[in-house]
Amino acid sequence: MRIEQEVKLDFKDVLIRPKRSTLTSRAEVDLVREFKFKHSDQTWSGVPIIASNMDHTGTLAMAKVLGQHQLLTATHKFMLEADWLSFLRENPEALNYCFVSSGTGEKDFNNLQNIIENVGVQMICLDVANGYSQHFVNFVRKVRAAFPQHVIMAGNVVTGEMVEELIISGADIVKIGIGPGSVCTTRSKTGVGYPQLSAIIECADAAHGLKGLVCADGGCTVPGDIAKAFAAGADFVMLGGMFGGHDESTGEVIEKNGKQYKRFYGMSSTEAMNKYHGKIADYRASEGKSVYVPYRGPVTDTVLDVLGGLRSSCTYVGAQTLKELSKRTTFIRVSQQINEIFNTTLITDSIGDR
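## Remarks on the environment of Tyr-292
Working step 1: Looking at where Tyr-292 falls in the secondary structure, it is placed in strand β14 (residues 290-294).
Working step 2: Between the C-alpha atoms of Tyr-292 and Arg-263, which are 29 residues apart in sequence, the distance is 4.6 Å.
Working step 3: Sequence-distant contacts of Tyr-292, that is, excluding residues within four places in its chain, are made with Ile-254, Lys-256, Tyr-261, Lys-262 and Arg-263.

Pasting the structure below:
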């Protein structure tokens, strides 16, 4: 046993220090980035924000709307091939903004092959809760060998050495985050995790040294957290809870005590495992929770709020492009980042206050 004494930081522990700027308007900020991926040799251009591959947010309806704003969607791994084909007949342009997700079993691999061959998706998301197993590394190698020209995103991990291992094994993008998600209970069930801001900083440094990329997955609750993730070196940011509760999210609107809600749960929750596997296996515990989130209407409103906040962050430090944000950022340690006085007594229309 050993103890690392260095303090590790989360989004709540820092603010971005403003700097002098020559920008006169948020409209001058360009959020579009272009990436050339290490292994696939493909290029992609767009706003590098991804809807999480949870079954509430990784939907084809979400992909249609986010694609119109040049954002990405990682569809959930239980998406049927027939649904893909039906969707793309009407929305062929959305294909450029979708990841197909997969677990690491043989059945998962066969399903992945069928969708890639019959649907034509060019980006793959290999998703497990614990990206540290040798089985996962071997699966990444297997998928890279099978699909040498596809973009592969793999995770989740939180340390530099494992980022390097996954990139060397064939991942173009490594997904960063263990335990920070709004409906994830891994930290309370296992005691395992890593503060998300420090994880992004350290993992981005490791990935960029190998010409790989990272996607910050989890922990963002307001647009300012997304800005901090990009400022810390993330190339992509994945959102789950912030995209939950919308028209494009799975589930019916439910009314409780005169207010409208939608169901939202973690993919390792009891509810998800019962839905997709019939039960929780005897050898494991649930590591997710189920909640009702306020119904938020069309996701476009949230997208515009997020992009507006991100542009504003860039203007505060003089970054004309999103790529410049990390180069112009100085984080300052804080004990409090927002004034909480009205949070429990005042109802507002702000996404961040919900």
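## Some words on the nonpolar core
Working step 1: In terms of nonpolar packing, the biggest core is built from 43 residues, with Trp-84, Ile-124, Leu-126, Val-143 and Val-163 touching the most fellow members.
Working step 2: Here Ile-124 is in contact with Phe-99, Val-100, Leu-112, Ile-116, Val-143, Phe-147, His-150, Val-151, Ile-152 and Met-153, once residues within four sequence places are set aside.
Working step 3: If you look at the next biggest cluster of nonpolar residues, it comprises 38 residues, including Val-29, Met-62, Leu-66 and Val-317.

## Notes on the sheet that holds strand β9 (residues 173-176)
Working step 1: Around the barrel, which closes on itself, the 8 strands sit in the order β4-β5-β6-β7-β8-β9-β10-β11 with parallel pairing between neighbours. Put simply, the sheet's adjacent strands are angled 25 degrees from each other on average, direction ignored.
Working step 2: Taken together, the 5 bridges between strand β7 (residues 123-127) and strand β8 (residues 151-157) define a ladder with parallel strand orientation. Note that in β8 the partner of Asp-127 across the bridge is Gly-155.
Working step 3: Here helix α3 (residues 106-119) sits on the sheet and contacts β6 (98-102) and β7; the angle it forms with β6, its principal contact strand, is near 155 degrees.

Reading the values: rules and limits
Residues numbered from 1 in each chain as written. Predicted model: local features only at pLDDT ≥ 70, side-chain atom pairs only at ≥ 80, totals over all residues. Heavy atoms only, no water. Helix = DSSP H or I, 4+ residues; strand = E, 2+ residues; numbered from the N terminus. Contact = heavy atoms within 4.5 Å. Core = buried A, V, L, I, M, F, W, Y, C linked by side-chain atoms within 4.5 Å. Buried < 20%, exposed > 50% of the residue type's maximum accessible area, 1.4 Å probe, protein only. Pairing = 2+ DSSP bridges. Axes fitted to C-alpha atoms, helices over the stretch in contact; angles between N-to-C directions.

From the geometry alone we can't say anything about function, so treat these as descriptive.
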